[in-house]
Amino acid sequence: MTPEAAFSLANALVLPQWILMAVAPRWSVTQWLTRTLTIPMVLAVMYIFYLFSGDSSLDFGSFSTLQGVMSLLGSGQKGVALAGWIHYLAFDLVAGSWILRDGHERGIRHWLLIPCLFGCFMLGPTGLLLYGVIRLIASRVDSTRTSPQKSN
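Computed from a predicted structure; not experimentally measured.

Asker: I keep staring at the packing of aromatic side chains and nothing clicks. Help me out?
Answerer: Aromatic rings in a pair are described by how distant their centres are and how their planes are angled relative to each other. Per the counting criterion, the structure on display carries five aromatic pairs. For the ring pair W18 and F121, a centre distance of 5.3 Å and an interplane angle of 50° mean the geometry is tilted. Placement of the pair is W18 in helix 1 (residues 3-23) and F121 in helix 6 (residues 110-123), with a sequence separation of 103 residues. Residue classification places W18 among the buried residues on the basis of a relative accessible area of 7%. Between W98 and Y131, the ring centres sit 5.5 Å apart and the planes meet at 90°, which makes this aromatic pair edge-to-face. Within this pair, whereas W98 is found in helix 5 (residues 78-105), its partner Y131 is found in helix 7 (residues 125-146), the two being separated by 33 residues in sequence. We classify W98 as partly exposed; its relative accessible area is 30%. Linked through ring pairs, F7, W85 and Y88 together constitute an aromatic cluster.

Asker: Please explain the nonpolar core as it appears in this structure.
Answerer: The tendency in soluble globular proteins is for nonpolar side chains to be buried as a group. V14, W18, L43 and I99 are the most contacted members of the largest nonpolar core, which totals 26 residues. Contributing elements (two or more residues each) for this core: helix 1, helix 3 (38-52), helix 5, helix 6 and helix 7. Sorting elements by how many residues they give to this core places helix 5 first, with eight residues.

Asker: Explain unusual backbone geometry here, please?
Answerer: Across the chain, the bulk of peptide bonds are trans and the bulk of non-glycine residues have phi less than zero. Backbone geometry places L37, a non-glycine residue, at a positive phi of 55°. Mapped onto the elements, L37 comes out in the loop between helix 2 (28-36) and helix 3.

Asker: So what exactly am I meant to see when it comes to helix 1 here?
Answerer: Residues that lie three or four places apart on an α-helix share one face, since the helix turns once every 3.6 residues. In a regular helix each residue adds 1.5 Å, so 21 residues correspond to 30 Å; helix 1 covers 31 Å between its end C-alpha atoms and thus fits that length. Residues A6, A10, V14, Q17, W18, L20 and M21 constitute the buried set of helix 1. In an axial view of helix 1, the angular spread of the buried residues amounts to 165°, which keeps them on one side of the axis. Buried positions along helix 1 lie against helix 2, helix 3, helix 5 and helix 6.

Cut-offs used in this document
Residues numbered from 1 in each chain as written. Predicted model: local features only at pLDDT ≥ 70, side-chain atom pairs only at ≥ 80, totals over all residues. Heavy atoms only, no water. Phe/Tyr/Trp six-rings, centres within 6.5 Å; stacked < 30°, edge-to-face > 60°. Helix = DSSP H or I, 4+ residues; strand = E, 2+ residues; numbered from the N terminus. Buried < 20%, exposed > 50% of the residue type's maximum accessible area, 1.4 Å probe, protein only. Core = buried A, V, L, I, M, F, W, Y, C linked by side-chain atoms within 4.5 Å. Expected span 1.5 Å × (residues − 1). Arc of directions from axis to C-beta. Contact = heavy atoms within 4.5 Å.

What follows is the structure, given as structure tokens:
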């Protein structure tokens, strides 16, 4: 498979799960996908293949400096660039799956999770940070509801 075709396939693989997490979060298929992380696992296989095959001559020392990472990603090696993109897709989906599961376990309303999921889909850590803020606020609201009221 060409890197261009693999890029399209990787993008196409993640989109249905993101949509399901937003619009059908309690459907058994959605819950299964978020529990098993099947799509990120498929992406992991693609990641390994494109990172270590083809035109990739990976220098692990490149990861130790910003200049090295810039050189690695800007080297024109399609396999390395594709692996980097697949890395983002996989881990953003793992984070989104965790947000959905954790939010539902904590009783956070789904409509509050949707912006977090969208943020995670588009900007990775931004959605995770937003969820962290919502989770913190929700836990404080819950603790004030369950703590006994002082009487005079």
